[in-house]
Amino acid sequence: MNIEHHPVVSREEWLAARTQHLAHEKAFTRERDKLSAERRALPWVKIDKSYRFQGPHGELSLADLFGGRSQLIIYHFMFGPAWTEGCQGCSFLSDHIDGANQHLAHHDVAVVAVSRAPLAEFQPFKRRMGWAFDWVSSEGCDFNYDFGVSFKTEDTAAGKATYNYEKTDTTEGELPGLSVFYRNETGDIFHTYSTYARGLDILVGTYNYLDLTPKGRNEDEIMDWVRYHDKYEEAKPHSCCHS
């Protein structure tokens, strides 16, 4: 629909259309609640493999990443060895983590980003972006490969690589994803959920704002307008409250 030729109606006609759409919104909300309950009811897999990570203060186990909480969300951030900048899309998503983390940290949930690059290689980028969330390296262990976000050339060539639960012939060495873990009182750790590709959209609050507007996401290809937050043409967005 051409936004310049959008229907304009009376307030009464608008209210009738809006009320009809509200019924659809409520149905979607109920379906979303049902889907979330179904997700929580999924079976778990016990983690028996030992994974080691590098943090700012040394080596960490998977249990250490929980930070004393029982639930852990890991964002698989695309930052491969020898990269100088993180994935632009991952950076867009990560801009939303710190705000949520102010509340998640007080609700028994830890959020940690994990990348395959050595820790020292992405610290300058983290400082540049001004992020506070925990971000560790999985260099030297199989974590990224086991959770389907890093791919060995030989596996791709042999048709063994999978992404988002299906075979992939991707030439990318890294792709984004999110995995969730639970740690019980005896210290056992379980993998409860992972999602990839557009399953990550729900984490991007900016999309939810845009989806409420007349122009929506306003893109020809997914995320073609997204930049690192310090690389938009206007360094600071115009504000109606400042001259």
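A brief look at the structure comes next. The structure presented is a predicted model; accordingly, all values stated were derived computationally and were not measured.

**Comments concerning the side chain of N144**
Part 1 of the reasoning: Checked against the element boundaries, N144 lands in helix α5 (residues 143–146).
Part 2 of the reasoning: There is a polar contact of 2.6 Å between the side chain of N144 and the side chain of S138.
Part 3 of the reasoning: Filtering out sequence-adjacent residues up to four positions away, N144 remains in contact with V114, S115, R116, S138, V149, S150 and E174.

**What about a nonpolar patch on the surface?**
Part 1 of the reasoning: A contiguous nonpolar patch, built from V9, W14 and L15 and spanning about 300 Å² of accessible area, is present on the exposed surface.
Part 2 of the reasoning: Relative to the helices and strands, V9 is located in the segment before α1 (11–40).

**Digging into the side chain of T170**
Part 1 of the reasoning: Position of T170 among the secondary structure elements: in the loop between β8 (166–167) and β9 (177–183).
Part 2 of the reasoning: Polar contacts involving the side chain of T170 include one to the main-chain amide nitrogen of E172, which spans 2.9 Å.
Part 3 of the reasoning: In this view, T170 contacts F151, T156 and L175; residues no more than four positions away in its chain are not counted.

**Structural notes on the packing of aromatic side chains**
Part 1 of the reasoning: Here the structure, examined in full by the defined rule, presents 26 aromatic pairs.
Part 2 of the reasoning: Between F79 and F125, the ring centres sit 6.0 Å apart and the planes meet at 55°, which makes this aromatic pair tilted. Of this pair, F79 sits in the loop between β4 (71–76) and α2 (88–94) while F125 sits in helix α4 (residues 119–129), placing them 46 residues apart in sequence. Assigned by exposure class, F79 and F125 land together as buried.
Part 3 of the reasoning: Geometrically, the ring pair formed by F92 and Y207 is edge-to-face, given 5.5 Å between the ring centres and 75° between the ring planes. Residue F92 is located in helix α2, and its partner Y207 is located in helix α7 (residues 205–210); the two are separated by 115 residues in the primary sequence. Accessibility assignment for this pair places F92 and Y207 in one class, buried.
Part 4 of the reasoning: Site record: aromatic cluster; members linked through ring pairs are Y75, F77, F79, W83, F122, F125, W131, F133, W135 and Y228.
Part 5 of the reasoning: We note R39 situated over the ring of Y193; from NZ or CZ to the ring centre the distance is 5.2 Å.

Cut-off values and rules
Residues numbered from 1 in each chain as written. Predicted model: local features only at pLDDT ≥ 70, side-chain atom pairs only at ≥ 80, totals over all residues. Heavy atoms only, no water. Helix = DSSP H or I, 4+ residues; strand = E, 2+ residues; numbered from the N terminus. Polar contact = N/O pair within 3.5 Å; in protein donor to acceptor, adjacent residues only side chain to side chain. Contact = heavy atoms within 4.5 Å. Patch = residues over 30% accessible without salt bridge, like charges linked within 9 Å, V, L, I, M, F, W, Y side chains within 5 Å. Areas by Shrake-Rupley, 256 points an atom, 1.4 Å probe, with all protein chains shown as cover. Salt bridge = Lys/Arg side-chain N within 4 Å of Asp/Glu carboxyl O. Phe/Tyr/Trp six-rings, centres within 6.5 Å; stacked < 30°, edge-to-face > 60°. Buried < 20%, exposed > 50% of the residue type's maximum accessible area, 1.4 Å probe, protein only. Lys NZ or Arg CZ within 6 Å of the ring centre and 35° of its normal.

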